[in-house]
Amino acid sequence: MLEAMAGARAHINMDTYILDEGEVAERFAEVLEKKARAGVRVHFMYDAVGSLKAPKEYFDRLRQAGVGVCEFGPVRRLGRLNHRNHRKLLVVDGRVAFTGGINVSQTYASGSGVARAKPGKETKEGWRDTQVRVEGPVVAQFQRAYLDTWAAQPNCEPMAKAEYFPKLEPRGDKAMRFVKASPEEGSEMYSVLLDALESAKRRIWLTFGYFVPDPRMKQALIDAARRGVDVELVLPGFSDSWVPVNAGRSHYRELLAAGVKIHEWHEALLHAKTAVIDSRWSSVGSTNLDWRSFVHNYEADVIIEDAAFAREMERRFRLDVEAARHIDPEEWARRGQAQKVKEWIARQWEYLL
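Model, not experiment: these values are computed from the prediction.

(A) Fine view of the sheet that holds strand S2 (residues 41-47). The strand order across the open sheet formed by six strands is S3-S2-S1-S4-S5-S7, and the pairing between neighbours is mixed. Single-partner strands in this sheet number two, and they are strand S3 (68-72) and strand S7 (131-135). Each strand axis lies, on average, 10° off the axis of its neighbour in the sheet, ignoring direction. Of the pairings in the sheet, the one linking strand S1 (residues 11-16) to strand S4 (residues 89-92) comprises four bridges and is antiparallel in character. Residue pairing across strands places Asn 13 opposite Val 91, the latter belonging to S4. Against the sheet, helix H2 (residues 23-37) touches S1 and S2, its axis set at about 145° to S2. Against the sheet, helix H4 (residues 139-151) touches S1, S2, S3, S4, strand S5 (96-100) and S7, its axis set at about 70° to S2.

(B) Expanded view of the pattern of salt bridges. Following the criterion strictly, the structure yields 20 salt bridges and no others. In this structure, Lys 180 engages Glu 188 in a salt bridge whose closest nitrogen and oxygen atoms are separated by 3.7 Å. Note on Lys 180: relative accessible area 28%, which makes it partly exposed. Of the charged contacts in the structure, one is a salt bridge between Arg 316 and Asp 320, with a shortest N-O distance of 2.8 Å.

(C) Spatial organisation of the environment of Ala 175. Relative to the assigned elements, Ala 175 resides in strand S8 (residues 175-182). Distance in space between the C-alpha atoms of Ala 175 and Ala 220 is 25 Å, their sequence separation being 45 residues. Leave out the neighbours within four places in its chain, and Ala 175 touches Ile 303, Ile 304 and Glu 305.

(D) View of the sheet that holds strand S10 (residues 203-208). Taken together, the nine strands give an open sheet; going across it, the order is S9-S8-S18-S16-S15-S10-S12-S13-S19, and neighbouring strands pair in mixed fashion. Whereas interior strands pair on both sides, the edge strands pair on one side only; in this sheet they are strand S9 (186-187) and strand S19 (325-326). Pairing of strand S15 (residues 273-277) with strand S16 (residues 281-285) involves four bridges; the strand directions are antiparallel. Bridging from a neighbouring strand, Ile 277 pairs with Trp 281 of S16. Each of S8 and strand S18 (299-305) touches H4; the most contacted strand, S8, lies at about 15° to it.

(E) Quick look at the state of the cysteines. Counted according to the given criterion, the structure contains one disulfide. A disulfide bridge connects Cys 70 with Cys 156, and the sulfur atoms are separated by 1.9 Å. With the S-S bond torsion at 70°, the cross-link from Cys 70 to Cys 156 turns out right-handed. Here Cys 70, found in strand S3, pairs with Cys 156, found in the loop between H4 and S8; they are 86 residues apart in sequence, far enough to count as distant. Owing to a relative accessible area of 0%, Cys 70 belongs among the buried residues under this scheme.

(F) Quick look at the confidence of the model for the chain. Per-residue pLDDT for the chain averages 92, and the proportion of residues at 70 or more is 93%. Every residue in residues 111-123 is under pLDDT 50, and counting partners more than four places away or in other chains gives 27 contacts.

(G) Representation of the packing of helix H5 (residues 188-199) against helix H6 (residues 215-226). One can describe the packing of H5 onto H6 by two numbers: an axis separation of 9 Å at closest approach and a directional angle of 20°. Viewed along their axes, H5 and H6 adopt a mutual orientation that is roughly parallel. The way H5 lies across H6 gives a crossing that is left-handed. In this structure, H5 contributes Tyr 190, Leu 193, Leu 194, Leu 197 and Glu 198 to the contact, and H6 contributes Arg 216, Met 217, Ala 220, Leu 221 and Ala 224. Across the contact of H5 with H6, the residue classes tally to eight nonpolar, no polar and two charged.

Conventions adopted
Residues numbered from 1 in each chain as written. Predicted model: local features only at pLDDT ≥ 70, side-chain atom pairs only at ≥ 80, totals over all residues. Heavy atoms only, no water. Pairing = 2+ DSSP bridges. Helix = DSSP H or I, 4+ residues; strand = E, 2+ residues; numbered from the N terminus. Axes fitted to C-alpha atoms, helices over the stretch in contact; angles between N-to-C directions. Contact = heavy atoms within 4.5 Å. Salt bridge = Lys/Arg side-chain N within 4 Å of Asp/Glu carboxyl O. Buried < 20%, exposed > 50% of the residue type's maximum accessible area, 1.4 Å probe, protein only. Disulfide = S-S within 2.5 Å. pLDDT = per-residue confidence, 0-100. Parallel < 35°, antiparallel > 145°, perpendicular 65-115°, else oblique. Left-handed = near helix turned anticlockwise from the far one by under 90°. Nonpolar A, V, L, I, M, F, W, Y, C, P; charged D, E, K, R; others polar.

Here you go:
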């Protein structure tokens, strides 16, 4: 992302949910300031809640360098407090785009591929995440989503004029589609993922940092497993809050009974949001498999239909499974009463998680 921005000639449009003070944020600021002073149109949007701890001076500094800064959903607008901009988008010159789960945070300093822990030793440094870089005509869909979201914010200055939609030639043979979500329009990702699950014939491999499925999505996973599809989930063994993990675990019993295989990742905080289905259909983005992403948040994902890309996604999935702890159905049935109570309490709040 930094390399792409450093090469920008016309504009940089960036959107992040979390911005944490630290070395990573400093590196981004340096590039954004340098490009703005060189005449590149630079716009930076951040979520007010996700970046609540970010110092005001950071954004003032960007503004002074000529960067257009937009705070999404100021906390003072209480009526919109539950609607967060969870997207992680970057569009450079209208030709290169990024999306996935990565925020501007020092938690990524150790990289997505955290060193494998020794058996029995848990390491919780860094986050395990996935980001994708795309080129070609699909970039225009990223760009349109960014411009529309910025324009809809009443507290943000109009964007400076630039050539936001250059002519884009195909850059390969992969079929790609950008999908988005908003509280007003609903979740495109929900619909396309549900369709993919219901039509899957051989394999469904999902990795989600937050997993609190609604009844229809859960039933699609159960139905797929019952008709012989290999349904496997890589889910977090811990998170930044005990509530989402235990809300997700409250669904394990039904899934395991249907034949769904569940693996919990404990080596780092799992934050990726990816799917690969039937070795052909893949998704990478910001959408979690939970109520918040499908109902309350602004989200962004890219769908890729390509066998070669799917093979790479499957390779990544196998590595995660190898490093994860498999949930044995019989052992899970014998879990303690204290764990069951945690799951019950968390389940009561799943609509808001």
